[in-house]
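This is what each chain is made of:
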Amino acid sequence: MSSTPIGYEISAGAIIAEAKRQEAERERAAIHAAGPQTCGRFSFDPATGAITGPAGYMQSESYTRRMAAITEGRDTVTSFGYSQHGDLIKAVLVSLQTDYASWKGMRDFMKDFDGRGALDARPASVTKPASEDKTHA
């Protein structure tokens, strides 16, 4: 019998790298198995890697700013969501839905007042301003 080892040696670094690769593969498989995820008006399709949502918002400067903040790791809504449940896709969709609600609400608000502004559109007050109130003069 020979005392020569059979097989080959593998470094601890190579074992760790392979374990990380396998974990990433399992995560990708789990995402694909789960299918599309949705939050409000936004969906993520793992088959295409695409996020879909309202076209007007997704073509807006608000969407561009939000995605830049998410990509750069500066978006607090995404960071907080991820820290709470560990699902990055869900955290991004929640952040987009939150920003969309703000964007849409402000657009609706401005549209309701036909560009006149909130203060000009409010009903006239029945109480005179203090500068016009002469009852205590």
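Residues numbered from 1 in each chain as written. Predicted model: local features only at pLDDT ≥ 70, side-chain atom pairs only at ≥ 80, totals over all residues. Heavy atoms only, no water.

Engineer: So what about a nonpolar patch on the surface? Which residues, and what values?
Structural biologist: On the surface, Tyr8, Ile10 and Ile15 cluster together into a nonpolar patch covering about 380 Å² of accessible area. For Ile10, the location among the structural elements is in the segment before helix H1 (12-34). (Patch = residues over 30% accessible without salt bridge, like charges linked within 9 Å, V, L, I, M, F, W, Y side chains within 5 Å. Areas by Shrake-Rupley, 256 points an atom, 1.4 Å probe, with all protein chains shown as cover. Salt bridge = Lys/Arg side-chain N within 4 Å of Asp/Glu carboxyl O. Helix = DSSP H or I, 4+ residues; strand = E, 2+ residues; numbered from the N terminus.)

Engineer: Describe in detail the pattern of salt bridges, supporting the description with residues and values.
Structural biologist: This model, assessed by the stated rule, comprises 7 salt bridges. Among the salt bridges present, the one from Arg21 reaches Glu18, with a minimum N-O distance of 2.7 Å. With Arg21 and Glu18 both in helix H1 and 3 residues apart, the pair spans about one turn of that helix. Take Arg21: its relative accessible area is 44%, and that puts it in the partly exposed class. Residue Arg74 pairs with Glu72 through a salt bridge whose shortest N-O separation is 2.6 Å. Judged by its relative accessible area of 52%, Glu72 falls in the exposed class. (Buried < 20%, exposed > 50% of the residue type's maximum accessible area, 1.4 Å probe, protein only.)

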